[in-house]
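# Notes for the structure review
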Amino acid sequence: MKHIFLTGFMGTGKTTISGSLKELLHMDVIDMDQAIEDMEQMPIPEIFAQMGETYFRQCETGFLRNLKEREGSIISCGGGVPLRDENVEAMKACGIVVLLTASPETIYERVKDSHDRPLLEQNKTPEYIRELLDKREPYYKRAADLEVSTDGKSAGQIAEEIKKFLDSSKAV
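Everything numeric here is computed off the predicted structure, so don't read it as measured data. (Residues numbered from 1 in each chain as written. Predicted model: local features only at pLDDT ≥ 70, side-chain atom pairs only at ≥ 80, totals over all residues. Heavy atoms only, no water.)

## A closer look at the nonpolar core
Stated precisely, the cut-off is as follows: For the purposes of this section, nonpolar cores are sets of buried Ala, Val, Leu, Ile, Met, Phe, Trp, Tyr and Cys residues that join through side-chain atoms within 4.5 Å. Type-normalised accessible area, obtained with a 1.4 Å probe on protein chains alone, sets the label of each residue: buried when under 20%, exposed when over 50%, and partly exposed for intermediate values. The helix count covers DSSP runs of H or I at least four residues long, the strand count covers runs of E at least two residues long, and both are numbered beginning at the N terminus. Should any heavy atoms of two residues lie within 4.5 Å, those residues are counted as being in contact.
Residues Phe 5, Met 32, Phe 63, Leu 64, Leu 67, Ile 75 and Met 91 are the most contacted members of the largest nonpolar core, which totals 23 residues. Secondary-structure elements contributing two or more residues to this core are helix H2 (32–40), helix H3 (44–51), helix H4 (53–65) and helix H5 (85–94). If sequence neighbours within four positions are ignored, Met 32 has contacts with Glu 60, Phe 63, Leu 64, Ile 75, Ser 76, Cys 77, Gly 78 and Val 81. One finds Leu 6, Leu 21, Ile 158 and Ile 162 within the second-largest nonpolar core, a separate group that totals 16 residues.

Following this line, the structure appears as structure tokens:
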């Protein structure tokens, strides 16, 4: 059983969709950010503040490299994971990559009250979100085996769309 990696910008629904997929596919879910917080014994904003973004990105890469030995799971990835080539290679080597997308306005509505997003904390606007999305989009698309928009859909609808792809491609 291969891993299913849910990627995409913060606020596209990775955590929510992973829960719906868990029910549908009867697979374990691993939230990458939570796993890193557990390993480092501190919240991500604190990791960014004390150790820096580069250190955090190295933690993500290390986490992915350790998945080869694990049974197939649904992995809810941090928004920056596909930005590093070694992360994409690690994901492709042991699973399929699903890109979840949403409009900047949808993302803003989903994250505006959160303070757990270090890259947005000082500049939480749809315009800034669009700017970051534009920079990341080529990386996200290059990594993706499947792209699914989450705008205006329920978590169940999105999970069914992913399951249909998995069934048709025999990807898992």
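## As for the pattern of salt bridges
Put simply, the rule reads: The rule for a salt bridge is simple: a side-chain nitrogen of Lys or Arg has to be within 4 Å of a carboxyl oxygen of Asp or Glu.
Tallied over the full model, the rule gives nine salt bridges. Note that Glu 86 is salt-bridged to Arg 84, the shortest N-O span being 3.5 Å. Residue classification places Arg 84 among the partly exposed positions, given a relative accessible area of 22%. A salt bridge links Asp 145 to Lys 92; the nearest nitrogen and oxygen atoms lie 2.9 Å apart. Remark: Lys 92 occurs in helix H5 and Asp 145 occurs in the loop between helix H7 (126–143) and strand E5 (146–149); sequence separation between them is 53 residues. Salt bridges here are not isolated pairs; linked through shared partners, they connect Glu 53, Arg 57 and Glu 60.

## Quick notes on the confidence of the model for the protein
Heads up, the rule is: Per-residue confidence from the predictor is reported as pLDDT, which spans 0 to 100.
Overall, the predicted model of the protein reaches an average pLDDT of 89, with 91% of residues at or above 70. Mean pLDDT values for the elements of the protein range from 85 in helix H6 (residues 104–111) up to 97 in strand E1 (residues 3–7).

## Describing the environment of Gly 95
Looking at the element boundaries, Gly 95 is found in strand E4 (residues 95–101). Judged by relative accessible area, Gly 95 falls into the buried class, the value being 5%. For the pair Gly 95 and Asp 85, spaced 10 residues apart in sequence, the C-alpha to C-alpha distance is 15 Å. Not counting residues up to four positions away in its chain, the partners in contact with Gly 95 are Lys 2, His 3, Phe 5 and Asp 145.

## Some thoughts on helix H8 (residues 155–169)
A turn of α-helix holds 3.6 residues, and therefore any two residues three or four places apart point the same way. Let me state the cut-off plainly: Take the number of residues in a helix, subtract one, and multiply by 1.5 Å to get its expected span. An arc is given here, and it is the one of the directions from the helix axis to the C-beta atoms.
When the terminal C-alpha atoms of H8 are compared, their 21 Å separation across 15 residues agrees well with the 21 Å that a helix rising 1.5 Å per residue should span. Among all positions of H8, only Ile 158, Ala 159, Ile 162 and Leu 166 are buried. Taken end-on, H8 shows its buried residues confined to a sector of 100 degrees, consistent with a single buried face. Summarising the geometry of H8, the exposed residues directed more than 90 degrees from the buried face are Lys 164 and Ser 168. Elements that come into contact with the buried residues of H8 comprise E1, helix H1 (14–25), E4 and E5.

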